[in-house]
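# Chain and residue survey
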Amino acid sequence: MEWTNIISMVLGGGGIALLTSLLTLRSSRKKAAEEAEAEELSNADRIIKMQTEYVVQPLEKEIKKLRSSVNRMERALDKISDCPHSDKCPVKDALQDKEQNS
């Protein structure tokens, strides 16, 4: 065999190996990118669940309690005018003072 034939056979085989390596690398990079994106979405879902569990739900409970308290307070204030002692009621006087100072 001549040297040129040997060199062309080595280079030809090397070219195929190089092409195979490039295709494998490309598919590996694509797979890694897809896995990274899936992990990122999974992390985002976990963050949303944690925010809901530790922030949103406790705030919703607190808002519900506050609404209930405000409703009770409004019902009590509505009854002040029906009270026989309303002319000397310190709560009514304090509320009227606050309204006038606002």
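Before reading on, note that the structure itself is shown above.
Residues numbered from 1 in each chain as written. Predicted model: local features only at pLDDT ≥ 70, side-chain atom pairs only at ≥ 80, totals over all residues. Heavy atoms only, no water.

What follows concerns the overall build of the chain. Secondary structure assignment for the chain yields 2 helices and 0 strands. Within the chain, the fraction of its 102 residues that count as buried is 3%. Accessible area of the chain: about 9700 Å², with a carbon and sulfur share of 60%. (Helix = DSSP H or I, 4+ residues; strand = E, 2+ residues; numbered from the N terminus. Buried < 20%, exposed > 50% of the residue type's maximum accessible area, 1.4 Å probe, protein only. Areas by Shrake-Rupley, 256 points an atom, 1.4 Å probe, with all protein chains shown as cover.)

Another point: a negative patch on the surface. Residues E34, E35, E37 and E40 make up a contiguous surface patch of negative charge. Along the chain, the position of E40 falls in helix α1 (residues 3-78). (Patch = residues over 30% accessible without salt bridge, like charges linked within 9 Å, V, L, I, M, F, W, Y side chains within 5 Å. Salt bridge = Lys/Arg side-chain N within 4 Å of Asp/Glu carboxyl O. Lys, Arg positive; Asp, Glu negative; His and termini not counted. Charge placed at Lys NZ, Arg CZ, Asp CG, Glu CD.)

With that settled, consider a nonpolar patch on the surface. Taken together, the side chains of M50, Y54, V55, V56, L59 and I63 make up a nonpolar region of the molecular surface, amounting to roughly 580 Å² of accessible area. Relative to the elements of secondary structure, V55 occurs in helix α1.

This part is about the environment of L95. Mapped onto the elements of the fold, L95 is located in helix α2 (residues 90-101). Assessed through its relative accessible area of 35%, L95 is described here as partly exposed.

All right, on to the state of the cysteines then. Evaluation of the coordinates by the stated rule reveals 0 disulfides. Residue C83 stays outside any disulfide, its sulfur separated by 6.3 Å from that of C89, the closest cysteine. (Disulfide = S-S within 2.5 Å.)

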